[in-house]
Amino acid sequence: MVPRSLLDLIENNGYLKSLSNLYKSNGHDFYLVGGAVRDGILDIPTKDFDFTTNALPEESIKILNDQGYKTTEVGRAFGTIELQLKESSIHITTYRKDTYENSSRNPSIESVLDLNSDLSRRDFTINSIAYSIDENELLDPFSGLKDLAQGIIKTPDDPVISFSDDPLRMLRLCRFISTHGFSPEKETFTAMKNNIERIQIVSVERIRDEINKLLVGKDAPMGIRALVESGLSLYIIPEINELKMEVDPKHHHKDVYEHSLEVLDGVPPKLSLRMGALLHDIAKPNTKGIENGKVHFRHHEVVGARMTKKILKRLKYDNKTIKDVAQLVEQSARPHTFKMGWTDSAVRRYILDAGHMLEDLNALVRADVTTKNKQKKQEIYQTLDEMEKRIEEVKEKEELEKLRPPVDGNEIMEILEIEPGPSLGKIMKSLYEQRINEGEVSKEEAIKLAKEVYKKL
């Protein structure tokens, strides 16, 4: 029986039935496959639709173009024709079989004649279900419906072969744990652990994209757990594994790994914020010290910001994301100094330094309160409430967006011919002080001060 949710998906996107009728009238098979079937059954909205057919790419192009559809042929080498209908992305691929070389996840493509052979090449059984719109029939040769009902992830093929052929599937497994709440079958997870080194043949960009999807899922901590417990993270972000520090019974401190996952779970599903939550304590293993019988992690947020930049650059994130996440990490401990008393000037500085990340930073700081002591947690929340109230009061009194210096760090580095570092930080701090204390100043005045400060360094 076809679930009502899948029928609704087809009815709400009437052009899908029109496409099916078009292919059928031309004597070709035409099946909806992959994520659209899976999410349609689960009643998850989607605008991405993949179809498989026995029509060759050139036949698809003629069928579609004759009816006025505009197609793109970016994936033609893989047997795929693409078109956009309204807000939907549609891919139509000829039945195929993939053959992989040991050193690459780019397969050699070979056409096959039947649907089952095509479905067998797919990553997981839950994505190996086909739906005939014309016949209103689900075809499920690998028991994907049963696995979907039980929330289990396993491969239609031998998992060792499947993961070795396309190691990105191991990351996709972690992603589905996060986004859909699925659990890997034992044999599948074991095969994953035995193939982790194969992830090295996958491009950094593809790895990064899967990490992004994992982090904004509804259960990102479980996705990260799968990444770490399988060992896969050792080839991607090994620094996360190092958070599993041994807790010295004489000098107790929080389990930093578990704490980081709890903070990750406590922030909204925004990529930069989730990444900041995951990495906010990333430097604690490197900064751990013991003094007077107590553990400390001095300046871990500053060291952590530097580590964050290196990690994200390694994963080829864009400069804005790197800057935003590093900023969250570096400032994550700062609001806790509010209890010592902040002047209006200190509040201004905090708002200006946080910039457009202010709301996310406040969310991260609140999620960072993971103490099990209810009274202590309530006291910290009250302090943070007071801080946020002060922030709003100061923002109402002043146009803080106009309080930035008239020159930025990049301009100062170019004018003074210096590199990023402590000197630049001291110069920019002086410029902020000048702007906050003296009001609006000209660019020339700011540059003059920068040169004077630099001479004294």
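Presented here is a report on the structure given in the accompanying data block. Quick caveat: nothing in here was measured; it's all calculated off a predicted structure.

Here is what the cut-offs are and how they apply
- Residues numbered from 1 in each chain as written.
- Predicted model: local features only at pLDDT ≥ 70, side-chain atom pairs only at ≥ 80, totals over all residues.
- Heavy atoms only, no water.
- Helix = DSSP H or I, 4+ residues; strand = E, 2+ residues; numbered from the N terminus.
- Buried < 20%, exposed > 50% of the residue type's maximum accessible area, 1.4 Å probe, protein only.
- Contact = heavy atoms within 4.5 Å.
- Pairing = 2+ DSSP bridges.
- Axes fitted to C-alpha atoms, helices over the stretch in contact; angles between N-to-C directions.
- Phe/Tyr/Trp six-rings, centres within 6.5 Å; stacked < 30°, edge-to-face > 60°.
- Lys NZ or Arg CZ within 6 Å of the ring centre and 35° of its normal.
- Core = buried A, V, L, I, M, F, W, Y, C linked by side-chain atoms within 4.5 Å.
- Parallel < 35°, antiparallel > 145°, perpendicular 65-115°, else oblique.
- Left-handed = near helix turned anticlockwise from the far one by under 90°.
- Nonpolar A, V, L, I, M, F, W, Y, C, P; charged D, E, K, R; others polar.
- Salt bridge = Lys/Arg side-chain N within 4 Å of Asp/Glu carboxyl O.
- Polar contact = N/O pair within 3.5 Å; in protein donor to acceptor, adjacent residues only side chain to side chain.

1. A short note on the overall build of the protein chain
- Within the protein chain one finds 23 helices and 13 strands.
- Counting only C-alpha atoms, the protein chain reaches 80 × 55 × 40 Å along its principal axes.
- Here the protein chain holds 457 residues, and 51% of them are scored as buried.
- Intrachain contacts of the protein chain at a sequence separation of at least 6 include 65% that bridge at least 24 residues.

2. A look at the sheet that holds strand β3 (residues 71-72)
- Read from one edge of the open sheet, seven strands run β3-β4-β5-β2-β1-β8-β9, paired in mixed fashion. In this open sheet, the two strands that pair with only one neighbour each are β3 and β9 (137-139).
- With six bridges joining them, strand β4 (residues 80-85) and strand β5 (residues 88-94) adopt antiparallel strand pairing. Looking across to β5, one finds that leucine 83 is bridged to isoleucine 90.
- Together, β1 (31-33), β2 (48-53), β8 (130-132) and β9 form the strand contacts of helix α1 (residues 4-12), whose direction differs from that of β8 by roughly 60°.
- Packed onto the sheet, helix α2 (residues 15-25) meets β2, β4 and β5 and runs at close to 20° relative to β5.

3. Regarding the packing of aromatic side chains
- Going through the model one piece at a time under the given rule, you end up with five aromatic pairs.
- Between phenylalanine 30 and phenylalanine 51, the ring centres sit 4.4 Å apart and the planes meet at 15°, which makes this aromatic pair stacked. Remark: phenylalanine 51 occurs in strand β2 and phenylalanine 30 occurs in the loop between α2 and β1; sequence separation between them is 21 residues.
- On the accessibility criterion, phenylalanine 30 (1% relative accessible area) is buried.
- Ring geometry for phenylalanine 338 versus tryptophan 342: centroids 5.3 Å apart, planes at 80°, classification edge-to-face.
- Classification of phenylalanine 338 by relative accessible area gives buried; the value is 8%.
- Chaining the aromatic ring pairs together yields one cluster made of Tyr23, Phe30 and Phe51.
- In this arrangement the basic side chain of lysine 24 is found over the ring face of tyrosine 31, its NZ or CZ atom lying 5.8 Å from the centre.

4. Digging into helix α11 (residues 220-230)
- Burial analysis of α11 places eight of its 11 residues in the buried class, which makes it a mostly covered element.
- On its buried face, α11 is in contact with α8 (168-180), α9 (186-193), α10 (204-215), α12 (238-241), α13 (256-266) and α14 (271-279).
- Positive backbone phi, at 95°, marks glycine 231, one or two positions downstream of α11.

5. Some thoughts on the nonpolar core
- With 81 residues, the main nonpolar core has Ile90, Tyr131 and Ile224 as its most contacted residues.
- Examining the composition of this core, we find that seven residues originate from one element, α8, more than from any other.

6. Brief notes about the packing of α13 against α14
- It is at 7 Å that the axes of α13 and α14 come closest, and there the two elements cross at 160°. One way to sum up the angle between α13 and α14 is to call them roughly antiparallel. As α13 runs across α14, the sense of the crossing is right-handed. When α13 is examined against α14, the residues Ser260, Val263 and Leu264 are found in contact with a partner set consisting of Arg274, Ala277 and Leu278.
- When its residues are assigned to classes, the contact of α13 with α14 shows four nonpolar, one polar and one charged.

7. Let's talk about the pattern of salt bridges
- Tallied over the full model, the rule gives 25 salt bridges.
- With its nearest N and O atoms 2.4 Å apart, the salt bridge here joins arginine 366 to aspartate 385. With arginine 366 in helix α19 (residues 358-367) and aspartate 385 in helix α20 (residues 374-397), this residue pair connects regions lying 19 residues apart in the sequence.
- With its nearest N and O atoms 2.9 Å apart, the salt bridge here joins glutamate 411 to lysine 443. Within this pair, whereas glutamate 411 is found in helix α21 (residues 409-416), its partner lysine 443 is found in helix α23 (residues 443-456), the two being separated by 32 residues in sequence.
- Glutamate 411 gets classed as partly exposed once you look at its relative accessible area, which sits at 25%.
- Through salt bridges with shared partners, one network takes in Arg4, Asp8 and Glu11.

8. Describing the pairing of β5
- Extensive coverage of β5 is indicated by the burial of six of its seven residues.
- Here β2 pairs with β5 via six bridges, running parallel. Paired with threonine 52 across the bridge in β5 is threonine 93.
- In sequence, β4 turns back onto β5 through a hairpin of two residues, with lysine 86 there showing a positive phi of about 55°.

9. Quick look at the packing of α19 against α20
- Where α19 meets α20, the axes come as close as 11 Å, and the angle between the chain directions of the two elements is 170°. By the angle between their axes, α19 is roughly antiparallel relative to α20. Contact with α19, carried on its side by Leu358, Asn362, Val365 and Arg366, involves Tyr381, Leu384, Asp385, Met387, Glu388, Ile391 and Lys395 of α20 and no other residues of that element.
- Partitioning the contact of α19 with α20 into residue classes produces six nonpolar, one polar and four charged.

10. Section: the side chain of arginine 122
- Structurally, arginine 122 can be placed in the loop between α5 (115-120) and β8.
- Here the side chain of arginine 122 touches aspartate 118 through a polar contact of 2.8 Å, side chain to side chain.
- Look past the residues within four positions of arginine 122 in its chain and what remains in contact with it is Val33, Thr52, Asn127, Ser128, Pro156 and Arg169.

11. Observations concerning the environment of isoleucine 380
- For isoleucine 380, the position within the fold is in helix α20.
- For the pair isoleucine 380 and proline 406, spaced 26 residues apart in sequence, the C-alpha separation works out to 36 Å.
- Excluding its chain neighbours within four sequence positions, the residues that come into contact with isoleucine 380 are His336 and Val369.

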